[in-house]
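Fold and contact review
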Number of protein chains: 2
Amino acid sequence: MIQNAVGRLIPDLSDRGLVGFRGVDQPPLKSNQVAPAIRTCSEFPANGDKRVESLREALRMSGLRDGMVVSTHHHLRNGDAVAIQLFAAIRSLGVRDIVWFPSAVFPCHEELIPFLEDGTIHHIEGSLNGPLGDYASGGRMRGLAVLRSHGNRYRSIQDGDVHVDVAVIAAPASDHFGNCTGALGPSACGGLGFAMADAEYADRVIVVTDHLVDFPCVPWQIAGNHIDHVVEVNTIGDSTQIVAGTTVLTSSPERQRIARLAAEFVDAAGIVRDGWSFQAGAGGISLSFVVFVQEIMARRGVRAGFARGGSTKYLVEMLESGQLGAILDGQTFDLEGVRSMRENRSHVMTTPWNSYCAHTKGNFASMLDCAVLGATEVDVNFNANVVTHSDGRLLHGIGGWQDALLSQCTILAVPSLRNRVPIIRDELTTVCGSGELIDVVVTERGIAVNPRRMDLIEAVEGSDLPLKSIAEIQAESEKLAGGKPARVDLDDELIGLVTWIDGTVIDTVRRVRTRA
Amino acid sequence: MIQNAVGRLIPDLSDRGLVGFRGVDQPPLKSNQVAPAIRTCSEFPANGDKRVESLREALRMSGLRDGMVVSTHHHLRNGDAVAIQLFAAIRSLGVRDIVWFPSAVFPCHEELIPFLEDGTIHHIEGSLNGPLGDYASGGRMRGLAVLRSHGNRYRSIQDGDVHVDVAVIAAPASDHFGNCTGALGPSACGGLGFAMADAEYADRVIVVTDHLVDFPCVPWQIAGNHIDHVVEVNTIGDSTQIVAGTTVLTSSPERQRIARLAAEFVDAAGIVRDGWSFQAGAGGISLSFVVFVQEIMARRGVRAGFARGGSTKYLVEMLESGQLGAILDGQTFDLEGVRSMRENRSHVMTTPWNSYCAHTKGNFASMLDCAVLGATEVDVNFNANVVTHSDGRLLHGIGGWQDALLSQCTILAVPSLRNRVPIIRDELTTVCGSGELIDVVVTERGIAVNPRRMDLIEAVEGSDLPLKSIAEIQAESEKLAGGKPARVDLDDELIGLVTWIDGTVIDTVRRVRTRA
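Quick caveat: nothing in here was measured; it's all calculated off a predicted structure.

Here we look at the overall build of chain A
Counting its regular elements, chain A contains 14 helices and 27 strands. Against the globule reference of 24 Å for 516 residues, chain A gives a C-alpha radius of gyration of 22 Å, in line with a compact fold. For chain A, the spread of C-alpha atoms along the three principal axes comes to 70 × 55 × 40 Å. Taken over 516 residues, chain A has a buried fraction of 61%. For chain A, the share of sequence-separated contacts (at least 6 apart) that also reach a separation of at least 24 residues comes to 73%.

In structure tokens form, the structure reads like this:
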């Protein structure tokens, strides 16, 4: 076991080509990106028609074999109906031990557990949560869940850490050449940015659509030049389910208080000024933050330059009213976001490469004046966890959380207790991000500013905000809970690795011995 | 000397890694694309501001050294004012022997001859025409002019045949991060598609703009993630000059007759039907073809699916009247085209990769029902020349001509005589495209269909079109001219290579001994 730069003990993973976390701002481990195979027009129909009769046939033509890496994407979130069709087709071909490399999974993907059980899927390499996270936490998955943020997923493909053999892109509209978009069609779900890395680098790329349009599908989000095969199916899913889960405003008074305090903090700190920019992640508190900050902006007549992240009706209203200059949309979170992307040239699809990839010539994350994110746990040094619960189970997706930490003022807006367990701890169950990138922790009990950020502390001095040290908030919540949180009973067996945005290992995830 | 697949003798060029043309549909010479260096966000300002004070400073920061390859692009066509600023800056740095790798040059670039003379530029590797073509033809340039079509230029960068050290992109609008577009700003010139390969693969990429906009420049055509430095200058050029040269309707009755015959041919052949597609290149005859075919479509109530190529007010009118489903814009030829691209979501910028690259998963060129192109010479086997005049001088750009030959019905619409010299010859001055890809030659004297295309010959049988064999048209024009064209007096010295779309050498260009 070796200790990495955030103090976590990790096993020697050099046989996997992995090294431990070295700090937040280190040079790349490789010198060059991967070089995709040259493909030629001669291999494809001159008339551009790449349709094949079924997903099964497209997979067969793609040369799918045992053990290959197959990717999907979560643009339809909890409404996705393509992953189940994909693995049913793979099973019908008798192909086994697939490494599934999704950009994220959702509770709807519980239906894939039988494919893990029968050996069709070897393991899932990607952000896990809900039922599949619970399944992996129990030690039932054969391989390791390698967790990568959205930006790191792009980087891992670009830099050749992960080679995708077959990518399957669920497209709400496509022409027969494979020019496709998520902004049109009955299952329109917004941007298809998460599929861009796979489109660019996978050996074979299959578009699955339930809305075939005449060539050319304009404007396309992904060019057909990336696509090998196009398959028509009855449905790719239910786009009304993109709002599911983490994209509803909080109705809890306590969480509303947290959101309001976060908004008041950025206002008091002088961050809310003409041309400012912000990101609010999924999750009720972050969304409510947008509503509170919008009220402050309206009161003070402030206009934001741009907002990044998941687009919602709240951001769309600000864009349309002129309070916001542009939406840089990483993921479309509701149908108003879909409409706006279709209609408004200032509502632009971005990919994880634009927004988050650490190995590009700058990205949008660090340009944001402020990002308001969630967390499952925070420690007294401002390190934080976003993937495991305090019972050790891997129940939350990692999403773009690590990438978004790079903003100029990163705020974790969290309740001080969850199910009576204090979330501020001496030691985290899992470290996902280093405290040097986390500037402020806002709880219903008060606001703790990272002592590294003297500039922020000075900026809010004299305000009537409930400023406290993180130790004070910890002590208060421990008093309420009747003591420090119990140490979780974890097995030695690894079930997952949490990687940092540069591909190094920031922590491990272990099997949960006793199910909560 | 070895004979290539189109019968031309070429020298052994294996020391340059070049082989002779092997036929039109051959496997690639390499297995993998090039792997760009990994760059990291740590190298760039966290706030996204990549502005530097001058082009000179940006070049210095890019590590420009003697002998490097520097690229520019021709979106501003004859109105470009960036190449001259670029080479003045290079000269001021004392850097010499630059290989200039433009996507095309125009008569305005005559002002760069002094930089060739003083050694700042070693040679120009790219499509030459006008004064610079004449300069090279006289044997005055130090290196070989390697001519590549637009698609081949993209391919040569993607596949690693050409490594661009520093790319300089003239952008009509950009933000400080380098997100840029050609559709906005006082010098708006339309799409910036020719710069995409350079943006993706060059070591350093500099955006030069005369219209800096607030971040984010939306919608961008080229993402700032590709860009190293942003430089503001007083002017990047005069966008009214994009109409210059080859983008004006013909007023000659003879050429109008050629354009009308071409339109009547595609109509008689059954190509003009609902959903059909066409490309019309630059050049007065091609543009007039669009006007004639539009009249036929209006008369018959036919609607085209899409048009590809340079966009002009003629295509924009068709798009806006509903006669055309979409414009896939490779290059914007007038200010109406610029406006339409800015306003109309069915007017889409394409890159040479989308439209023309032979090493992608299919491209748009082969999907076109018809392409109407020009030529300087055609031989009796339908091979054709588009770069040299019959006096041997390299006076015409190669453009996307070779790429466009892949259409389902490729028509060369040409006068039978130019300056009293027959253009149909026994042997070409320079072979740029193989006759197996050229289906029809339309002259004012009659229409010759390639005997390989029995389907087209049968389709127009019984029409009142003036159908002739190519030998008949040749004989008629030789009779008028008083004999076959004189053999041009060429030196043995090579001044250029014409490459096919896959990078092989289809012909050489030799020094002109006596200036015409």
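Moving on from the model shown.
Let's talk about the sheet that holds strand 23 (residues 424-425) of chain B
All names here are of chain B. Taken in spatial order, the three strands make up an open sheet running 19-18-23, and their pairing is mixed. This sheet does not close on itself; its edge strands, each paired only once, are strand 19 (384-385) and strand 23. The sheet contact formed by strand 18 (residues 377-379) and strand 19 spans two bridges and is antiparallel. From the neighbouring strand, Glu377 faces strand 19, where its bridge partner is Asn385.

Section: helix 8 (residues 284-300) of chain B
Residues and elements named next belong to chain B. With 17 residues, helix 8 should reach 24 Å at 1.5 Å per residue; the first-to-last C-alpha distance of 25 Å fits that figure. Here helix 8 has its buried residues at Gly284, Ile285, Ser286, Leu287, Ser288, Phe289, Val290, Val293, Gln294 and Met297. Elements in contact with the buried residues of helix 8: helix 7 (253-268), strand 13 (277-280), helix 9 (313-321), strand 17 (370-373) and strand 20 (410-413).

Section: the interface of chain B and chain A
Listed per partner, the contact involves 50 residues of chain B and 50 residues of chain A. Residue composition of the side of chain B that touches chain A, grouped by class: 24 nonpolar, 18 polar and eight charged.

What about the pairing of strand 15 (residues 327-332) of chain B?
All names here are of chain B. The buried count for strand 15 comes to six of six residues, which makes it a mostly enclosed element. Once you follow strand 14 (residues 306-311) into helix 9 and on to strand 15, the crossover reads as right-handed. Of the strand pairs in this sheet, strand 15 and strand 16 (residues 347-349) are connected by three bridges, and their pairing is parallel. In the strand pairing of strand 16, Ile327 is matched with His347.

Here's the deal with the domain arrangement of chain A
Residues and elements named next belong to chain A. One can read the domain layout of chain A as domain 1 (48-125 + 162-243) and domain 2 (253-489). For domain 1 and domain 2, the distance between their C-alpha centroids amounts to 31 Å. Taken together, the 15 residues of domain 1 in the interface contact 19 residues of domain 2. A per-class count over the side of domain 1 that touches domain 2 returns ten nonpolar, five polar and no charged.

A word on the packing of helix 9 of chain B against helix 10 (residues 335-343) of chain B
Residue and element names in this part refer to chain B. Between helix 9 and helix 10, whose axes approach to 8 Å, the crossing angle comes to 40°. Facing helix 9, whose interface residues are Lys313, Val316 and Leu319, helix 10 presents Glu336, Gly337 and Ser340. Along the lines of polarity and charge, the residues of the contact of helix 9 with helix 10 split into two nonpolar, two polar and two charged.

Considering helix 8 (residues 284-300) of chain A
The complete set of buried residues in helix 8 of chain A reads Ile285, Ser286, Leu287, Ser288, Phe289, Val290, Val293, Gln294 and Met297 of chain A. Elements that come into contact with the buried residues of helix 8 of chain A comprise helix 7 (253-268), strand 13 (277-280), helix 9 (313-321), strand 17 (370-373) and strand 20 (410-413) of chain A.

Section: the relation of the copies chain B and chain A
Under the fitted operation, chain B is carried onto chain A by 0.0 Å of movement along the axis and a turn of 180°, and the coordinates agree to an RMSD of 0.0 Å. Considering both components of the superposition, the chain copies are consistent with a two-fold axis. In terms of C-alpha distance to the rotation axis, chain B has Ala35 of chain B as its closest residue, with the C-alpha 2.2 Å off the axis. Residue by residue, 100% of the interface of chain B is reproduced at the interface of chain A, so both copies engage with the same surface.

Description of unusual backbone geometry
Note: most residues except glycine have negative phi, and most peptide bonds are trans. Going from Val218 of chain A to Pro219 of chain A, the amide bond is cis rather than trans, its omega being -15°. A positive phi angle is found at Asp97 of chain B, which is not glycine, with a value near 60°. The topology assignment puts Asp97 of chain B in the loop between helix 2 (82-92) and strand 5 (98-102). Residue class for Asp97 of chain B comes out partly exposed when judged on the 15 C-beta atoms lying within 10 Å of it. Of note, Arg420 of chain B is a non-glycine position whose phi angle comes to about 65°, a positive value. Locating Arg420 of chain B in the fold gives a position in the loop between strand 21 (417-418) and strand 22 (421-422). Owing to 10 C-beta atoms within 10 Å, Arg420 of chain B belongs among the exposed residues under this scheme.

Description of the sheet that holds strand 7 (residues 145-147) of chain A
Residue and element names in this part refer to chain A. The strand order 7-26-27 describes an open sheet built from three strands, whose pairing is mixed. Because the sheet does not close on itself, it has two edges, and the strands there are strand 7 and strand 27 (505-512). Each strand axis lies, on average, 40° off the axis of its neighbour in the sheet, ignoring direction. Note that strand 7 and strand 26 (residues 490-499) share three bridges and pair parallel. Note on strand 26: the bridge partner recorded for Ala145 is Gly496.

What about the environment of Leu76 of chain A?
Residues and elements named next belong to chain A. With respect to the helices, strands and loops of the structure, Leu76 is situated in the loop between strand 4 (69-72) and helix 2 (82-92). For Leu76, a count of 26 C-beta atoms within 10 Å translates into the label buried. It is 33 Å that separates the C-alpha atoms of Leu76 and Arg513, two residues lying 437 residues apart in sequence. Contacts of Leu76, omitting those with residues within four sequence positions, involve Ala170, Ser187, Cys189, Ile236, Gly237, Ser239, Gln241 and Ile242.

With respect to the environment of Leu417 of chain B
Residues and elements named next belong to chain B. Tracing the chain through its elements places Leu417 in strand 21. Measuring from C-alpha to C-alpha, the distance between Leu417 and Ala307 comes to 30 Å, with 110 residues separating the pair along the chain. Among residues more than four places away in sequence, those in contact with Leu417 are Pro422, Ile423, Ser477, Leu480 and Ala481.

Some remarks on the environment of Ser252 of chain A
Residue and element names in this part refer to chain A. Within the fold, Ser252 resides in the loop between strand 12 (229-232) and helix 7. In this structure Ser252 comes out as partly exposed when scored by C-beta crowding, with 14 C-beta atoms within 10 Å. The spacing of Ser252 and Asp159 is 93 residues in sequence and 43 Å in space, taken between C-alpha atoms.

Quick word on the nonpolar core
Counting residues in each nonpolar core, the largest one holds 334 residues, and the members touching the most others are Ile169 and Ala262 of chain A together with Ile169 and Ala262 of chain B. The residues contacting Ile169 of chain A, other than those within four sequence positions of it, are His73, Cys180, Leu192, Ala195, Ala199, Val205, Val207, Val208 and Ile222 of chain A.

Thoughts on the pairing of strand 12 (residues 229-232) of chain B
Residue and element names in this part refer to chain B. Two elements, strand 3 (residues 51-52) and strand 12, share two bridges in a ladder whose sense is parallel. If you follow Val52 over to strand 12, its bridge partner there is Val231. As paired elements, strand 11 (residues 204-209) and strand 12 share four bridges and run parallel to each other. Bridged to Ile206 within strand 12 is His229.

Side note on the confidence of the model for chain A
For chain A, per-residue confidence averages 95 on the pLDDT scale, and 98% of positions sit at 70 or higher. We note a pTM of 0.97 for the whole complex and an ipTM of 0.96 for its interfaces.

Conventions adopted
- Residues numbered from 1 in each chain as written.
- Chains lettered and ligands numbered in written order.
- Predicted model: local features only at pLDDT ≥ 70, side-chain atom pairs only at ≥ 80, totals over all residues.
- Helix = DSSP H or I, 4+ residues; strand = E, 2+ residues; numbered from the N terminus.
- Rg over C-alpha atoms; globule rule 2.2 N^0.38 Å.
- Buried ≥ 20, exposed ≤ 12 C-beta atoms within 10 Å, placed from the backbone.
- Contact = placed C-beta atoms within 7 Å.
- Pairing = 2+ DSSP bridges.
- Expected span 1.5 Å × (residues − 1).
- Nonpolar A, V, L, I, M, F, W, Y, C, P; charged D, E, K, R; others polar.
- Right-handed = clockwise from strand over helix to strand, strands pointing away.
- Domains from an automatic or database assignment.
- Axes fitted to C-alpha atoms, helices over the stretch in contact; angles between N-to-C directions.
- Least-squares fit on C-alpha atoms with pLDDT ≥ 70 in both.
- Core = buried A, V, L, I, M, F, W, Y, C linked by C-beta atoms within 7 Å.
- pLDDT = per-residue confidence, 0-100.

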